[in-house]
Amino acid sequence: MGLNTTSNLLLDSNNLLVSTSSFVTLKKTLLENIGSYKTKGFLFRFSYEIGVSAANAKELQKDQSSHRGSKSMHAMYGHVRDVIIDPNFNKLLNGSAKHIKGQWIDSFEANLHKKYFEPSTQCECFTLCGYVSGFLSTKYNHPLVAVETKCVAKGDSCCEFEVRLEENWSPDNIRVYKSANIINELETTYDALLHHKQLLDKISTFHNNLTQSVTEKLSLQEIIQSAYDVLHIPILIENLHGDEILQIGLSEKQLQLIKDKQHSLRYTQKYSNNSFYQSPIHSKLISPVLINKKHYANCSFIYLSSQSMEENDHLYLDRLSNVVSLCLLYENAKIEEQEHLTHTLFDRLIHKKFDSMNDLESYLKFFPFKIKSPFSTTVIQISQKQKSDLLIDLHEQLLLFSKHFNTYSVPSLFSILGENIVILNTQYTDKKRFAKSLKSIIQYIEKRNSNYLYSIGISNSYKDLMEFEESLKEATISARISNQDQIKYYEDLGFLGNFIANMNATQLHATAKELLKELYDFNDIKKKDLLYTLYKYLSNGQKLKETMEALSISMGGLQYRIKRIESLLQKSLKDSSFSAYLLLILESLILLDELQFS
């Protein structure tokens, strides 16, 4: 019977009536809360029980027709206006027929779906299927299942169904009807939600503990250690060049093996912001460490052959990488604040702006460690091996040096003056220890910045900070020395250092002009090339082979240049005293940045 005839849709043996509006509300609620798939199963099983009750009713037991009972009850309840069905159920039961077909005329379920729901792409009469299946299974004492094959709700001309023995349906056709009952589904859902809540609580606690560590100003090493103590998964933090920043849980041998096999890692899967890679000997779950939306580093979980990734590890790694970002951001901010203070200190020392020692000492109280003598000053000059359009980021380099000086427990203040990084070394009592630490730091940084050249000059030690300006000059002169040593000490320059320190630029240029004669033209490219040849020849002890290799020219070409130079100088380079003095002048011009060879 159609919707315009009755609103009473479902009735069992106890005369429970359900209106069309109640059914629509029920279906909408189920769809919103348990989804389309489970709603279909629920409606089928719900009406299946109604069909079973109807078949067991006393009034139907008197009906001798094999199909009249289900057909009349369908129409009486208002499910349909009429049912057309093959009456030969015995063929189905004895196996002579695989299925029996039927039609529902004016299905209430299809009509309601068209009126209250979005257009469907599948059959929608699950309540009718359930009712018929329950009724016929009970009536004939065989497991029979009705499945709709055509439906008005999806645009077909009629609602058509097939009835088969359950064993004659493929599992895919009736899987939705055979799923667990609603109580079991609710229990399963509850268990899943409980597990999910417990997981979220655990992750939340993990995250809160880590962020609390940041607020308590624990070091990054301590924070990573606490994460490892909870998870027992090796953790590796690397910069974007693949260099280790920090790690926990891996031996030196394991670290080297991982580094050697880095090229064999293959991308496998994505987990939110994390990427999972595998190699024959280890796996790696990587999360980016972002600072101010810039990819700064990578935080990874390492799984060796004896350990595999668990389902929710990526959730822990997400939280850990966020905390690492906070920690690195805090460290960078602390370094930047200290650099600002240091820059002001250097400026006031250079321009003699401290009125007294008390004024200076009161300013030094703002720094995080005790600044006490003896002191030395270090200047780091950075150049590029190959010319590039990209400028050297001195601020990034300063952060890098500052962090590594802190790692090696070398108390120093950093700032950028001009184009150089300047370091005030305090408590400079152990020169050998300082040199060893500095060498290790430079080696590490050079690996990260393979296109950069670092030239380092260190001044004499001094006890009074008011001598900073003079020490800065000494360190700058040392850094400009173009010998084979990367780290150069002013005290090793001897006479050359004193000569440069005590000669002003005007005197130096006057002497150079007198000695170099026509070569004293730094703007003439050809003469400057000859001047560079002269400098290399003298600095190599006038050895032809070494000079030829340094300049990458032939022996004949070098000999021609030397003759040309002697002609312009009007003096032979075999005069040892003249050559020594000439080299001293050239070195002085270079060290004072008056002469530059690009």
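Structure shown above.
Everything in this summary refers to the structure shown in the same document. Predicted, not measured: the structure shown is a model, and the values here were computed from it. (Residues numbered from 1 in each chain as written. Predicted model: local features only at pLDDT ≥ 70, side-chain atom pairs only at ≥ 80, totals over all residues. Heavy atoms only, no water.)

## Some words on the overall build of the protein chain
Threshold: A run of H or I in DSSP counts as a helix once it spans at least four residues, and a run of E counts as a strand once it spans at least two, with each numbered from the N terminus. Only protein chains enter the accessibility calculation, which uses a 1.4 Å probe; a residue is then buried when its area is under 20% of its type maximum, exposed when over 50%, and partly exposed in between. Only heavy atoms enter the contact rule, under which two residues are in contact if any of them lie within 4.5 Å. Values of accessible area rely on a 1.4 Å probe in the Shrake-Rupley scheme; residue burial ignores everything except the protein chains shown.
For the protein chain, the helix and strand inventory stands at 21 helices and 17 strands. Counting across all 598 residues of the protein chain, residues that qualify as buried make up 45%. A sequence separation of at least 24 residues applies to 62% of the contacts in the protein chain between residues at least 6 apart. Entry remark: accessible area of the protein chain is about 32,100 Å², with carbon and sulfur atoms responsible for 50%.

## What to know about the environment of Gly242
Among the structural elements, Gly242 can be located in the loop between strand 7 (235–239) and strand 8 (244–248). A sequence separation of 55 residues divides Gly242 from Ala297, and the C-alpha atoms of the two residues are 8.8 Å apart.

## Looking at the nonpolar core
Stated precisely, the cut-off is as follows: Side-chain atoms within 4.5 Å link the members of a nonpolar core, which is a set of buried Ala, Val, Leu, Ile, Met, Phe, Trp, Tyr and Cys residues.
Of all hydrophobic cores here, the largest spans 45 residues; its most connected members are Trp104, Leu136, Val163 and Tyr177. The element best represented in this core is helix 1 (residues 20–56), accounting for nine residues. The contacts of Val163, once residues within four sequence positions are left out, are Leu92, Lys98, His99, Ile100, Val132, Leu136, Leu144, Val145 and Ala146. Core analysis: the next-biggest nonpolar cluster, separate from the first, contains 32 residues, Leu210, Ala227, Ile248 and Phe301 among them.

## With respect to the pattern of salt bridges
For side chains bearing opposite charge, pairing can occur when the charged atoms are close. Operational definition: A pair is scored as a salt bridge if a Lys or Arg side-chain nitrogen falls within 4 Å of a carboxyl oxygen belonging to Asp or Glu.
Per the counting criterion, the structure on display carries ten salt bridges. A salt bridge links Asp106 to Arg81; the nearest nitrogen and oxygen atoms lie 3.8 Å apart. With Asp106 in the loop between strand 4 (100–105) and helix 5 (108–116) and Arg81 in the loop between helix 3 (68–77) and strand 3 (82–85), this residue pair connects regions lying 25 residues apart in the sequence. Take Asp106: its relative accessible area is 27%, and that puts it in the partly exposed class. For Arg81, a relative accessible area of 53% translates into the label exposed. A salt bridge links Glu469 to Lys352, with the shortest nitrogen-to-oxygen separation between them at 2.6 Å. Here Glu469, found in helix 15 (residues 468–480), pairs with Lys352, found in the loop between helix 11 (313–350) and helix 12 (357–364); they are 117 residues apart in sequence, far enough to count as distant. Given a relative accessible area of 37%, Glu469 falls into the partly exposed group.

## Topic: the pairing of strand 12 (residues 294–304)
The criterion, for reference: Two strands pair under a simple rule: DSSP has to find at least two bridges between them.
Counting buried positions along strand 12 yields eight of eleven residues, so the element is predominantly enclosed. One ladder, built from five bridges, connects strand 7 with strand 12; its direction is antiparallel. Counterpart to Glu238 in the pairing with strand 12 is Asn298. What sits between the antiparallel neighbours strand 11 (residues 282–291) and strand 12 is a turn of two residues, in which Asn292 has the positive phi angle 55 degrees.

## Section: the sheet that holds strand 5 (residues 144–150)
The strands making up a sheet associate through hydrogen bonds between their backbones, and the pairing can be parallel or antiparallel. Defined as follows: Only the stretch in contact is used when a helix axis is fitted, and all axes are lines through C-alpha atoms; the angle between N-to-C directions ranges over 0 to 180 degrees.
Taking strand neighbours across the sheet as the criterion, the four strands line up as 3-4-6-5 in an open arrangement whose pairing is antiparallel. Since the sheet does not close on itself, it has two edges, and those belong to strand 3 and strand 5, each with one partner. Taken over all neighbouring pairs, the strand axes of this sheet differ in orientation by 25 degrees on average, direction set aside. With six bridges connecting them, strand 5 and strand 6 (residues 159–165) associate as antiparallel partners. Residue pairing for strand 6: Glu148 is matched across the bridge by Phe161.

## Here's the deal with the packing of helix 11 against helix 13 (residues 394–407)
Between two packed helices, what matters for the description is the angle formed by their axes and the separation of those axes. How we decide: Angular relationships are summarised with four words: roughly parallel below 35 degrees, roughly antiparallel beyond 145, roughly perpendicular across 65 to 115, and oblique for the angles in between. Residue type decides the class: Asp, Glu, Lys and Arg count as charged, Ala, Val, Leu, Ile, Met, Phe, Trp, Tyr, Cys and Pro as nonpolar, and the leftover types, Gly among them, as polar.
Viewed as axis vectors pointing N to C, helix 11 and helix 13 meet at an angle of 105 degrees, and their least axial separation amounts to 11 Å. Here helix 11 lies roughly perpendicular to helix 13, going by the angle between them. Each of Glu331, Asn332, Ile335, Glu336 and Glu339 in helix 11 lies in contact with helix 13, whose residues at this interface are His395, Leu398, Leu399, Ser402 and Lys403. Looking at the contact of helix 11 with helix 13 residue by residue, the class counts come to three nonpolar, three polar and four charged.

## Description of the packing of aromatic side chains
Using the following cut-off: Pairing of aromatic side chains here covers Phe, Tyr and the six-membered ring of Trp, requires ring centres within 6.5 Å, and sorts the geometry by plane angle: under 30 degrees stacked, over 60 edge-to-face, intermediate tilted. The rule for a charge over a ring is simple: NZ of Lys or CZ of Arg within 6 Å of the ring centre, and within 35 degrees of the ring normal.
For the structure shown, the criterion picks out 19 aromatic pairs. Look at Tyr363 and Phe366: their rings are 6.1 Å apart centre to centre, the planes differ by 70 degrees, and that puts the pair in the edge-to-face class. Using a relative accessible area of 11% as the deciding quantity, one classes Tyr363 as buried. On the basis of relative accessibility, which here comes to 59%, the residue Phe366 falls in the exposed class. On the basis of an interplanar angle of 80 degrees and a centroid distance of 5.4 Å, the ring pair of Tyr428 and Phe434 is categorised as edge-to-face. Relative accessible area serves as the criterion here: at 10%, Tyr428 is assigned to the buried category. On the accessibility criterion, Phe434 (5% relative accessible area) is buried. Of the aromatic side chains, those joined through ring pairs into one cluster are Phe354, Tyr363, Phe366 and Phe367. Lys571 extends its terminal NZ or CZ atom over the ring of Phe578, reaching a point 5.5 Å from the ring centre.

## As for unusual backbone geometry
At the junction of Ser373 and Pro374, the peptide bond is cis and its omega measures out at 0 degrees in the coordinates. Backbone geometry places Lys517, a non-glycine residue, at a positive phi of 50 degrees. Considering the arrangement of structural elements, one finds Lys517 in the loop between helix 17 (505–516) and helix 18 (525–539). Phi angles above zero are rare outside glycine, and Ser552 is one such case at about 55 degrees.

## Remarks on the environment of Ile565
Here Ile565 shows up in helix 20 (residues 555–569). Ile565 sits in the buried class, given a relative accessible area of 1%. Ignoring sequence-local partners within four residues, the contact set of Ile565 consists of Leu519, Leu530, Thr533 and Leu534.

## Thoughts on helix 5
Heads up, the rule is: Any pair of N or O atoms that falls within 3.5 Å is considered a polar contact. Within protein, one atom must be able to donate a hydrogen and the other to accept it, and sequence-neighbouring residues count only if both atoms are side-chain atoms.
Of all the positions in helix 5, only Phe108, Glu109, Ala110, Leu112 and His113 are classed as buried. Among the residues of helix 5, the N-terminal cap falls to Ser107, whose side-chain oxygen and the backbone nitrogen of Glu109 are separated by 3.2 Å.

## Comments concerning the sheet that holds strand 11
Reading across from one edge, 8-7-12-11-10-9 is the order of the six strands in this open sheet, with antiparallel pairing throughout. Because the sheet does not close on itself, it has two edges, and the strands there are strand 8 and strand 9 (266–271). Strand after strand, the sheet turns through a mean of 25 degrees between neighbouring axes, direction not considered. Pairing geometry for strand 9 and strand 10 (residues 274–278), over five bridges, is antiparallel. Paired with Lys270 across the strands is Ser275, a residue of strand 10. In the packing of helix 10 (residues 252–260) onto the sheet, the strands contacted are strand 7, strand 8, strand 11 and strand 12, and the crossing angle to strand 12 comes to about 115 degrees. Lying on the sheet, helix 11 is in contact with strand 7, strand 9, strand 10, strand 11 and strand 12; it crosses strand 11 at an angle near 40 degrees.

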